[in-house]
Amino acid sequence: MGINFKQETFRDDFSFRNSPEQVRRFPFPFHEDGYMYSVNIEPHVPGAKNTVFEHLFDVDEHYVSEMHDRALVLAEDPLRCQSLPHMTLAGWDTLELLMTEKAKSYPEHFSLTRDGDKWHWVNRPLGIDDRFTFGDTSTLPYDPLEYITRQSQGDFAVLDQRDGNLWMDAGIVTTQADWSLDFDIGMNFFEWHAPVPLAHEMGVFKRALKFLMALQQGQPARRHNWTMTINPRLDTSPENYHKWGTDRTTVTPENVGDKVHLRVEIQMFFRLPRSNALLFPIRCYLIKMDELVTSPKWARRFHRVLRDLPPELAEYKGLVRYRPTVVEWLSKYDDGAPTSPGFGPD
Amino acid sequence: MSAASMLSRPVYGTLSPQAGKHHLLVADAEGAAAILDLAKNAPADFFAKAHIIYIPGASGPEYIDALKALNPERFYEGPSFAAALPRLRQTFDAAHMGTRLYIAGSEGLIGQVMQVAAEAGVDHASIQTEQRGSLARRVQCVHCKGITENVTTQPVKCSHCGLLLLVRDHYSRRYAAFQGVCINAEDPTDIPPTEEIFR
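Residues numbered from 1 in each chain as written. Chains lettered and ligands numbered in written order. Predicted model: local features only at pLDDT ≥ 70, side-chain atom pairs only at ≥ 80, totals over all residues. Heavy atoms only, no water.

Chain B is annotated in an unreviewed UniProt entry as Oxidoreductase from Borborobacter arsenicus.

The name given to chain A in an unreviewed UniProt entry is DUF3445 domain-containing protein, with the source organism recorded as Borborobacter arsenicus.

Here it is, written out as structure tokens:
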């Protein structure tokens, strides 16, 4: 049984919706009724069936439409995908990892046939059937990183490891929560995280860097992060902030359910075999408030998290204008009952 | 978050003479004073092996005679960074192992010389820098990617696309620029007052 890929938009008329099944598998990010930064890194191992962790690289009902949105972003702004010259090998590593995992996890949708360095890749949902020579960029329509990430949901940063640090030296970023690859490319781990409030003082990034530098091949890790987005817009880039910023003033008590989205990032970390680079996929999941409150536990808990969020985090996440309206709306779904531990919807 | 704790921002030091076969000193405006201070501690033969590239800018002729009195092996006075750039590139291309680089003056100059040095393969950690004079910033508009030079106000109007930009403390060495992000994107009718803060 294959995935029922939807045709929908993440701009203009915003026809994005989650099916009830997709709502049930949403990676709700709060395991308790409050939130503060933590490193929260755990092993990225295949998880329970019908969760987003069932496979190493989740493909879901939004796949085809998300890839279409990525193509639109890249046509308008090619600087969203960049790779410093020494990162081509890491691009081939990335292509190999994504192709082999997709073909293994979803054989009805993707297949990979290898005869030495002659590879044959079939992506049925996107109608792609390409033969190429592994390691020879001239045999692909794009460089290897761009080629395979135009076929993979989520943003991807590729981090070079040298001089006791990680360097943001390649990536494709079209669904970001407000950071610019073009500005940050070439920066080290502390530099590109520099604008994040509070976490540096807490030592979060020093601990995270130490962990990531020691990450071994075949032992990927993951963590999650969250923010909120008005309208189901994937491209909330700083580049286009002057175009989408006014969305944040459009929230009213009447439209919260449809317009306001919880946005969860699953960040993953893979050591790449040839380049020794780290692949850092950042997968974004959106859920409408109307969809979220179909789980009474999630509704209660998110109300409490949002209500009690420290002001500097609300500011950094860009929630200040509409937080009171959303908290008020969510309060109707919070009867004060205790919530059970853990992420699940109950 | 205060500028001091912004970890993407370079930390500048104080120029001091290093052991080396040649010395390339690049400065603008008040940066000349940093070279003159370095000279007080320099060994006798230091400037006989030194090349000074100086862009006086707003300082005018104030430091020219004092710099020449150091008797550098070569002295160049340029009207702007752009005018000095081909010469700077050639100097890096011809530089030998053992050449030491010293940069002093505005943050914009330091950043742009570091850019050229990085293109020539010089490790940024091996360069001496000292900030002197104007705190004006080079700002890249994240929207149109245009660079606005000599920014002294917060916010500032992008000299390319005209958006009103918040000048962040987030700094890119690759662009040698601070990031500018539209300050009133959420409500374009909200025009905050402009303050002169980078002097």
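Still to come is the rest of the account.
S.K.: So, the pairing of strand 6 (residues 137-141) of chain B: which residues are in play, and what are the values?
M.R.: All names here are of chain B. In terms of burial, strand 6 is largely enclosed, as five of its five residues are buried. With three bridges connecting them, strand 6 and strand 7 (residues 147-151) associate as antiparallel partners. For Arg137, the partnering residue across the bridge sits in strand 7 and is Val151. Between strand 6 and strand 7, which pair antiparallel one after the other, the connecting turn spans five residues, and Lys145 there sits at a positive phi close to 75°. Pairing geometry for strand 6 and strand 11 (residues 177-182), over three bridges, is parallel. Within the sheet, the bridge partner assigned to Val139 lies in strand 11 and is Phe178. (Buried < 20%, exposed > 50% of the residue type's maximum accessible area, 1.4 Å probe, protein only. Helix = DSSP H or I, 4+ residues; strand = E, 2+ residues; numbered from the N terminus. Pairing = 2+ DSSP bridges.)

S.K.: Residue-level account of the packing of aromatic side chains, with values.
M.R.: Evaluated as defined, the whole model comprises 29 aromatic pairs over all chains. Taking 4.9 Å as the distance between ring centres and 20° as the angle between the ring planes, the aromatic pair formed by Phe57 of chain A and Phe270 of chain A counts as stacked. Taken as a pair, Phe57 of chain A in the loop between strand 1 (42-43) and helix 2 (63-76) and Phe270 of chain A in strand 9 (residues 260-271) lie far apart in primary sequence, 213 residues in all. By relative accessible area, which is 8% here, Phe57 of chain A ends up buried. Centre to centre, the rings of Phe183 of chain A and Tyr175 of chain B are 6.5 Å apart; their planes meet at 20°, and the pair counts as stacked. One end of the pair, Phe183 of chain A, is in helix 5 (residues 181-184); the other, Tyr175 of chain B, is in the loop between strand 10 (164-172) and strand 11, on a second chain. For the pair Phe183 of chain A and Tyr175 of chain B, one class covers both residues: buried. Put simply, the rings of Phe26, Phe28, Phe30, Tyr35, Trp226, Trp298 and Phe302 of chain A touch in pairs and so form one group of aromatic residues. (Phe/Tyr/Trp six-rings, centres within 6.5 Å; stacked < 30°, edge-to-face > 60°.)

S.K.: A description of the UniProt feature "domain: Dimethylamine monooxygenase subunit DmmA-like C-terminal" (unreviewed entry) in chain B should follow, citing residues and the corresponding values.
M.R.: In this structure's numbering, the residues bearing the UniProt feature "domain: Dimethylamine monooxygenase subunit DmmA-like C-terminal" (unreviewed entry) are residues 138-181 of chain B. With 0% helix and 61% strand, residues 138-181 of chain B has end C-alpha atoms that lie 13 Å from one another. (UniProt positions renumbered as here; feature names shortened; annotations may be inferred.)

S.K.: So what's going on with the sheet that holds strand 2 (residues 50-55) of chain B? Residues and values would help.
M.R.: Residues and elements named next belong to chain B. Read across the sheet, five strands follow the order 3-2-1-4-5 without closing on themselves; strand pairing throughout is parallel. What marks the edges here is a single partner per strand, and that holds for strand 3 (74-77) and strand 5 (128-131). Across the sheet, the axes of successive neighbouring strands diverge by a mean angle of 10°, strand direction being ignored. Strand direction decides the pairing type here: strand 4 (residues 99-105) and strand 5, joined by four bridges, are parallel. By the bridge assignment for strand 5, Ala104 is matched with Glu130. Contacts from helix 1 (residues 31-40) reach strand 1 (22-28), strand 2, strand 4 and strand 5 within the one sheet, and its direction differs from that of strand 1 by about 145°. Against the sheet, helix 3 (residues 81-94) contacts strand 1, strand 2, strand 3 and strand 4, and its axis sits at roughly 160° relative to strand 2. (Axes fitted to C-alpha atoms, helices over the stretch in contact; angles between N-to-C directions. Contact = heavy atoms within 4.5 Å.)

S.K.: Break down the packing of helix 3 of chain B against helix 4 (residues 107-119) of chain B for me, citing the residues and quoting the values.
M.R.: In a pair of packed helices, the angle between the axes and the distance between the axes together describe the arrangement. Residue and element names in this part refer to chain B. Contact geometry of helix 3 with helix 4 gives a least axis separation of 10 Å together with a crossing angle of 35°. When the axes of helix 3 and helix 4 are compared, the crossing they make is right-handed. Contacts between helix 3 and helix 4 involve Phe81, Leu85, Leu88, Arg89 and Phe92 from the former and Leu109, Gln112, Val113, Val116, Ala117 and Glu119 from the latter. Broken down by class, the residue content of the contact of helix 3 with helix 4 amounts to eight nonpolar, one polar and two charged. (Left-handed = near helix turned anticlockwise from the far one by under 90°. Nonpolar A, V, L, I, M, F, W, Y, C, P; charged D, E, K, R; others polar.)

S.K.: Outline the environment of Arg162 of chain A, listing residues and values.
M.R.: Residue and element names in this part refer to chain A. By the secondary structure assignment, Arg162 is in strand 6 (residues 155-162). Here Arg162 falls in the partly exposed class, since its relative accessible area comes to 32%. Note: C-alpha distance between Arg162 and Val260 (98 residues apart in sequence) is 41 Å. Other than its neighbours up to four places away in sequence, Arg162 contacts His86, Trp167 and Asp169. Separated by 3.0 Å, the side chains of Arg162 and Asp169 make a polar contact. (Polar contact = N/O pair within 3.5 Å; in protein donor to acceptor, adjacent residues only side chain to side chain.)

S.K.: Can you break down empty space enclosed by the protein residue by residue, with the values?
M.R.: All names here are of chain A. Under the counting rule described, the total for this entry stands at three cavities of 30 Å³ or more. As a volume, the largest cavity reaches approximately 140 Å³. Around the largest cavity, the lining is made up of 19 residues, and of these Leu56, Phe57, Asp58, Met268 and Arg283 lie nearest the centre. Counting residues per element, the ones that place at least two in the lining of the largest cavity are helix 3 (88-105), strand 9 and strand 10 (278-288). Counting residues per element, the lining of the largest cavity draws most heavily on strand 10, which supplies three residues. (1 Å grid on protein atoms, 1.4 Å probe; cavity = no way out; pocket = protein on both sides within 12 Å on 5 of 7 lines; lining within 4 Å. Points joined across faces, edges and corners; volume = space filled by probe spheres on them.)

S.K.: Which residues make up the interface of chain A and chain B, and what values go with them?
M.R.: Contacts between chain A and chain B engage 26 residues on the former and 25 residues on the latter. Roughly 2,200 Å² is buried in total at the junction of chain A and chain B, and carbon and sulfur atoms are behind 59% of that figure. Looking at the side of chain A facing chain B, the largest losses of area belong to Phe183, Tyr241 and His242 of chain A, adding up to 29% of the total buried there. Along the contact surface separating chain A from chain B lie six salt bridges. (Buried area = accessible area lost by both parts, 1.4 Å probe. Salt bridge = Lys/Arg side-chain N within 4 Å of Asp/Glu carboxyl O.)

S.K.: Let's hear about unusual backbone geometry: which residues, and what values?
M.R.: Between Gln154 of chain B and the following residue, Pro155 of chain B, the backbone shows a cis peptide bond with an omega angle of -5°. Inspection of the secondary structure assignment puts Pro155 of chain B in the loop between strand 8 (153-154) and strand 9 (156-157). One non-glycine residue, Asn50 of chain A, adopts positive backbone phi at about 65°. Assignment of secondary structure puts Asn50 of chain A in the loop between strand 1 and helix 2. Phi at Ala29 of chain B is positive, roughly 40°, even though this residue is not glycine. Counting through the fold element by element, Ala29 of chain B comes out in the loop between strand 1 and helix 1.

S.K.: Break down the layout of surface pockets for me, citing the residues and quoting the values.
M.R.: There is about 750 Å³ of room inside the second largest pocket. If you go around the second largest pocket, you meet 25 residues; those closest to its centre are Arg162 and Gly186 of chain A together with Ala118, His124 and Arg173 of chain B. At the level of elements, strand 7 (165-172) of chain A together with helix 4 and strand 10 of chain B are the ones that each hand at least two residues to the lining of the second largest pocket. Looking at which element gives the most residues to the lining of the second largest pocket, the answer is helix 4 of chain B, with four residues. By residue class, the composition of the lining of the second largest pocket is ten nonpolar, seven polar and eight charged. Both of domain 1 (3-131) and domain 2 (137-196) of chain B provide at least three residues apiece to the lining of the second largest pocket. (Domains from an automatic or database assignment.)

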